[in-house]
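For reference, the chains in residue letters:
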Amino acid sequence: MPKTEVKIIGFLCNWCSYAGADMAGTARMKQPASLRVVRLPCTGRVNPLLVLKAFREGADGVLVSGCHPGDCHYNEGNYYARRRMEVLERMLPALGIDPARFHYTWVSASEGAKWADVVNEFTRRVKQVI
Amino acid sequence: MSMNDLIATIKKVLEEVDVVLGWTRSPAAGVAVPARFHTPDEADGAIFDSTCTHNLAVHLPRLKNSKVGIVAKGCDARSIVQLIVEGEVSRDRIRVIGVPCPGVIDVKRAWRCFGFGKKIEDAGGRVHMEGRSMPREEILLHKCHQCQDQEPVIMDLAAGDVKSVTPPPPPDKTGIRERFAAMSIAERREFWREQFSRCIRCYACREACPLCFCRDACSMQTREPHWTGGQVNAIESEMAQQVRTSHLAGRCTGCEECERACPVGIPLMLLLEEQNRIVEELFAYRAGMSLEDKTPLLTYDVNRDGGWR
Ligand code: SF4
Ligand code: SF4
Ligand code: SF4
Ligand code: FES
């Protein structure tokens, strides 16, 4: 039986995905209430341990989203983040955490509709594995 | 390699350094223990055999103000390279004495089989103690099977022919690695809960790791940032080890010292070997192979990294 309510922690970059999420909200796009957002200055701030700590504290899913590669406000933060998130994602099975509960992606400030899709799709996926 | 070669090489190196890190035999335990040689007389006690398991590179960051010689197996040499790459050790302060390494054994297991405190000898492919013996392949550390790094990647002088050694064959028994690989994700969750419920938070894993040099700023213990509490329970201890594992991403050379040091036998290498495999898969990188390398998680390559989302 898939769970109906899930808790998802989103680590969002202030300059893009946070604004994109905001836009989706203002435009009243349909989104699940599952997401709790932590606003960060840049995905370069996302220590993989933030993700692991969120799981440890009981998150069902963790979503990391920032500016598209090439568009980071600080030029290179998301290039570092991409390497870290990729290693982390591939490590999850060995840690005993289903990698389907983790997702990282890039959503810009103008992509409100894409943001709503990302959250809806990820929530659906998390519900299936929890 | 004869012990005389080794002793002579150490004496030669002592002419230009303050201290040489090596091994001597403990009369009480019968096996090699780390030793510091300051004088030629002290160096007469130097040995190298398959009980020289310790990775002496761990001492280098603590000896920043001296000129240091160090006896190094191939795997130890990788730790030394990584320490230099990370700026913890300066190349011109150290002299590396490479030794031809046949593989080293799990001394704790030898003691469990033979009993503690008698001289362990390695001859003719078997490990002997007081008339009893067992095949050395059965008791090697995991890293030594099919070792790719027997010839030290960094070396100023060799004690013996470091090119002459051949890697020990693959392990023949299925062990914890195979069992772990066959587990489901949920079983692994349960497995780690169980394993970390035995952790006593002694931090021996960190102290033995040449690359865990943060000492009093180690975030397995700090309040700020407060990744994990100091309570000794499975949840906190597992988080503490996740902190350590993630800090070793792209830096761990797979020397197995953390696991060897763990007094309760938590199979930490299951995590580190997997992480090392992932780093190699993504970045074609093995830590500590070249002084020109850049640690992959401290850099990026816009063109090559494009394949990920
Ligand atoms: S890993 Fe290689 S160099 Fe290191 S002890 Fe084993 S055989 Fe020797
Ligand atoms: S984490 Fe373990 S295997 Fe890796 S370098 Fe440190 S002691 Fe060696
Ligand atoms: S050495 Fe073992 S028991 Fe000690 S802190 Fe590390 S994992 Fe825990
Ligand atoms: S500023 Fe958005 S990812 Fe760096």
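Residues numbered from 1 in each chain as written. Chains lettered and ligands numbered in written order. Predicted model: local features only at pLDDT ≥ 70, side-chain atom pairs only at ≥ 80, totals over all residues. Heavy atoms only, no water.

Observations regarding the overall build of chain B
Right, so step 1: Helix and strand content of chain B: ten helices and eight strands.
Right, so step 2: Over its C-alpha atoms chain B spans a radius of gyration of 20 Å, differing by no more than 12% from the 19 Å that the globule rule assigns to 309 residues.
Right, so step 3: Projected onto its principal axes, the C-alpha coordinates of chain B cover approximately 55 × 45 × 35 Å.
Right, so step 4: For chain B, the proportion of its 309 residues judged to be buried stands at 52%.
Right, so step 5: For chain B, contacts bridging at least 24 residues in sequence account for 67% of all contacts bridging at least 6.
Right, so step 6: Total accessible area on chain B stands at roughly 14000 Å², and carbon and sulfur atoms take up 51% of it.
Right, so step 7: Charged side chains in chain B number 41 positive and 43 negative. The centres of these two groups are separated by 3 Å. (Helix = DSSP H or I, 4+ residues; strand = E, 2+ residues; numbered from the N terminus. Rg over C-alpha atoms; globule rule 2.2 N^0.38 Å. Buried < 20%, exposed > 50% of the residue type's maximum accessible area, 1.4 Å probe, protein only. Contact = heavy atoms within 4.5 Å. Areas by Shrake-Rupley, 256 points an atom, 1.4 Å probe, with all protein chains shown as cover. Lys, Arg positive; Asp, Glu negative; His and termini not counted. Charge placed at Lys NZ, Arg CZ, Asp CG, Glu CD.)

Let's talk about helix H2 (residues 48–56) of chain A
Right, so step 1: Burial analysis of H2(A) places eight of its nine residues in the buried class, the great majority of the element.
Right, so step 2: Listing the buried residues of H2(A) in full gives Pro48(A), Leu49(A), Leu50(A), Val51(A), Leu52(A), Lys53(A), Ala54(A) and Phe55(A).
Right, so step 3: Where H2(A) is buried, its residues contact strand E1 (8–13), strand E2 (35–40), strand E3 (61–66), helix H3 (77–95) and strand E4 (102–106) of chain A together with helix H8 (234–247) of chain B.
Right, so step 4: Just downstream of H2(A) lies Gly58(A), where phi reads positive at about 110°.

Let's talk about the side chain of Thr9(B)
Right, so step 1: Relative to the elements of secondary structure, Thr9(B) occurs in helix H1 (residues 3–14).
Right, so step 2: Not counting residues up to four positions away in its chain, the partners in contact with Thr9(B) are Ile97(B), Leu157(B), Ala158(B) and Ala159(B).

Focus: the interface of chain A and chain B
Right, so step 1: Taken together, the 28 residues of chain A in the interface contact 35 residues of chain B.
Right, so step 2: Linking chain A with chain B are three salt bridges, by the criterion used here.
Right, so step 3: Arg90(A) is the salt-bridge partner of Glu281(B), the closest N and O atoms lying 2.7 Å from each other.
Right, so step 4: Here chain A is connected to chain B by eleven residue pairs in polar contact (both at pLDDT 80 or more).
Right, so step 5: If you list the elements that add at least two residues to the side of chain A that touches chain B, you get H2, H3 and E4 of chain A.
Right, so step 6: Sort the elements by how many residues they give to the side of chain A that touches chain B and H3(A) lands first, with 13 residues.
Right, so step 7: Broken down by class, the residue content of the side of chain A that touches chain B amounts to 14 nonpolar, four polar and ten charged. (Salt bridge = Lys/Arg side-chain N within 4 Å of Asp/Glu carboxyl O. Polar contact = N/O pair within 3.5 Å; in protein donor to acceptor, adjacent residues only side chain to side chain. Nonpolar A, V, L, I, M, F, W, Y, C, P; charged D, E, K, R; others polar.)

Describing the site of ligand 1
Right, so step 1: Around ligand 1 sit Lys73(B), Gly74(B), Cys75(B), Cys101(B), Gly103(B), Val104(B), Lys143(B), Cys144(B), Cys147(B) and Gln150(B), and those are all the residues in its vicinity.
Right, so step 2: In terms of residue class, the shell around ligand 1 is made up of five nonpolar, three polar and two charged. (Near = heavy atom within 4 Å.)

Quick notes on the domain arrangement of chain B
Residues and elements named next belong to chain B.
Right, so step 1: As far as domains go, chain B holds domain 1 (1–170) and domain 2 (172–309).
Right, so step 2: Computed from C-alpha atoms alone, the centre-to-centre distance between domain 1 and domain 2 is 24 Å.
Right, so step 3: Counting from both sides, the interface comprises 26 residues of domain 1 and, opposite them, 29 residues of domain 2.
Right, so step 4: Summed over both sides, the interface between domain 1 and domain 2 buries roughly 2400 Å², with carbon and sulfur atoms accounting for 50% of that surface.
Right, so step 5: Applying the counting criterion to the domain 1 and domain 2 interface returns three salt bridges.
Right, so step 6: One salt bridge in this structure joins Arg 286 and Asp 149, with 3.0 Å as the shortest N-O distance.
Right, so step 7: Across the contact surface, domain 1 and domain 2 share 15 residue pairs in polar contact (both at pLDDT 80 or more).
Right, so step 8: If you tally residues by element for the side of domain 1 that touches domain 2, the top one is helix H3 (residues 74–85), at seven residues.
Right, so step 9: Looking at side-chain class alone, the side of domain 1 that touches domain 2 contains ten nonpolar, seven polar and nine charged residues. (Domains from an automatic or database assignment. Buried area = accessible area lost by both parts, 1.4 Å probe.)

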